[in-house]
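Structural overview for review
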Amino acid sequence: MDKLKAILVDDEQDSRQILSNYLSKYCPIVELLAECKNIQEGLSAIQKHQPDLVFLDIEMPYGTGFDLLEQLGKVNFETIFVTAYDNYAIQALNMSAAYYLLKPIDIDELVDAVEKVHIEKSQNKDSFHVQVLLDNIKYENERPKKIMLPTFEGFEIVPIDQIIYCEADDNFTKFHLKGTQKPLLISKTLKYFEDLLPSTKFVRIHRSSLINTDYVVRYTKGKGGYVTLENDIELEVSAKKKSQFLDIFKLS
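These figures come from a predicted structure and were not determined experimentally.

1. Quick word on the packing of aromatic side chains
- Under the counting rule described, the total for this entry stands at seven aromatic pairs.
- Here Tyr 192 and Phe 193 contribute two aromatic rings whose centre-to-centre distance is 5.1 Å and whose plane-to-plane angle is 85 degrees, an arrangement assigned as edge-to-face.
- Note on Phe 193: relative accessible area 2%, which makes it buried.
- Looking at Lys 188, its charged tip hangs above the ring of Tyr 192, at a distance of 4.7 Å from the centre.

Okay, here's the thing in structure tokens:
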């Protein structure tokens, strides 16, 4: 089983030492080739070693880990982001299905992330996580963000403005998209996507439905009522969710 050639980029010496020790003890599949304390050292090490995997701190002096990736242009390695900030860029990381670890690092989460990267590499899967992530950050105020959705066959990269609504299916979620007949079945709960997708655009109207309010055509009154989306899609609004739904339109 081939080892993963890896580089670690983190401005904090203690953090580098801890992660290096964890990798040595718990992740024998990883061969750590270089430890770097800033973006420039990271760029040089990546160009020199051509790693399979980079452990990349997000917040560093004179720039972020995202800046390093943008300077590289083409990214042909997998990245596991490391951050001490549980709210910094987490939504962007989740939207791109990127691997990340929160400091202090949990050993089980580290091992799990490394194993997932190794599986992708062993199956020669191309990784588009980083490109989707950089697009979401770079064009945040210029065009709709994208979300990477892992499917049974691989993954789909979907602009969020193409999502009409999401439908709960036990522990799965069906994504109903504009211009498609067959929904995408994703192995995550509707609650996960309710927390992930922007609340200014998406609202939970029922335990089984999360809708994109841009596609609302009509609301019909009732105990909870019904909402009609484009293409004559009619969905029930639960009584408990009615007020939250109407608040979006300032009608409560």
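2. Section: the environment of Gly 224
- Residue position: Gly 224 is located in the loop between β15 (216-220) and β16 (226-229).
- For the pair Gly 224 and Ala 239, spaced 15 residues apart in sequence, the C-alpha separation works out to 4.0 Å.
- With sequence-adjacent residues up to four places away left out, Gly 224 is seen in contact with Tyr 219, Val 237, Ser 238, Ala 239 and Lys 242.

3. Observations regarding the packing of helix α2 (residues 39-49) against helix α3 (residues 65-72)
- Closest axis-to-axis distance for the α2/α3 pair is 10 Å, and the angle between their directions is 40 degrees. Looking at the two axes, α2 sits oblique to α3. Taken as a pair, α2 and α3 cross one another with a handedness that is right-handed. From α2, Ile 39, Gln 40, Gly 42, Leu 43 and Ile 46 reach across to α3, where they touch Asp 67, Leu 68, Gln 71 and Leu 72.
- Of the residues that constitute the contact of α2 with α3, the class distribution is five nonpolar, three polar and one charged.

4. Observations regarding the sheet that holds strand β2 (residues 30-36)
- What the five strands build is an open sheet, ordered β2-β1-β3-β6-β7; its pairing is parallel. In the strand order of this sheet, the two ends are held by β2 and β7 (99-102), each with one partner. The average undirected angle you get between the axes of adjacent strands in this sheet is 20 degrees.
- Against the sheet, helix α5 (residues 107-122) engages β1 (4-9), β2, β3 (53-57), β6 (78-83) and β7, with an angle of about 165 degrees to β6.

5. Focus on the pairing of strand β14 (residues 209-212)
- Of the two faces of β14, both are covered, the one formed by Ser 209 and Ile 211 as well as the one formed by Leu 210 and Asn 212.
- Judged from the three bridges that link them, strand β10 (residues 163-169) and β14 form a sheet pairing that is antiparallel. By the bridge assignment for β14, Cys 166 is matched with Leu 210.
- Note: strand β13 (residues 202-206) against β14, four bridges, orientation antiparallel. Considered in β14, the bridge of Arg 204 is made with Leu 210.
- As consecutive antiparallel partners, β13 and β14 are separated by two residues.

6. A short note on the pattern of salt bridges
- Scanning the model with the defined rule gives nine salt bridges in all.
- Here Asp 169 ties to Lys 174 by a salt bridge, and the two come within 3.8 Å at their closest N and O atoms.
- Judged by its relative accessible area of 27%, Lys 174 is partly exposed.
- One network of salt bridges, with partners in common, ties together Asp 10, Glu 12, Asp 57 and Lys 103.

7. Looking at the pairing of β15
- Two strands pair when backbone bridges link them, and β15 and β16 are joined in this way by four bridges, in the antiparallel orientation. Among the inter-strand pairings, Tyr 219 is bridged to a residue of β16, identified as Val 227.
- Between β15 and the antiparallel strand that follows it, β16, lie five residues; Gly 225 among them carries a positive phi value of about 95 degrees.

8. Regarding the nonpolar core
- Ranked by internal contacts, the top residues of the largest apolar core, which has 25 residues, are Ile 7, Val 9, Leu 56, Leu 68, Leu 69, Phe 81 and Leu 93.
- Of all the secondary structure elements, the ones that give two or more residues to this core are β1, β2, α2, β3, α3, α4 (90-95) and α6 (129-138).
- The contact partners of Leu 68, leaving out residues within four places of it in the chain, are Val 9, Ile 39, Gly 42, Leu 43, Ile 46 and Leu 56.

9. Some remarks on unusual backbone geometry
- In this chain, Lys 103 is followed by Pro 104 through a cis amide linkage whose omega measures -5 degrees.
- When you line up the elements, Pro 104 lands in the loop between β7 and α5.
- Notably, Gln 50 is not glycine yet its phi reads approximately 50 degrees, a positive angle.
- Topologically, Gln 50 is positioned in the loop between α2 and β3.

Here is what the cut-offs are and how they apply
Residues numbered from 1 in each chain as written. Predicted model: local features only at pLDDT ≥ 70, side-chain atom pairs only at ≥ 80, totals over all residues. Heavy atoms only, no water. Phe/Tyr/Trp six-rings, centres within 6.5 Å; stacked < 30°, edge-to-face > 60°. Buried < 20%, exposed > 50% of the residue type's maximum accessible area, 1.4 Å probe, protein only. Lys NZ or Arg CZ within 6 Å of the ring centre and 35° of its normal. Helix = DSSP H or I, 4+ residues; strand = E, 2+ residues; numbered from the N terminus. Contact = heavy atoms within 4.5 Å. Axes fitted to C-alpha atoms, helices over the stretch in contact; angles between N-to-C directions. Parallel < 35°, antiparallel > 145°, perpendicular 65-115°, else oblique. Left-handed = near helix turned anticlockwise from the far one by under 90°. Nonpolar A, V, L, I, M, F, W, Y, C, P; charged D, E, K, R; others polar. Pairing = 2+ DSSP bridges. Salt bridge = Lys/Arg side-chain N within 4 Å of Asp/Glu carboxyl O. Core = buried A, V, L, I, M, F, W, Y, C linked by side-chain atoms within 4.5 Å.

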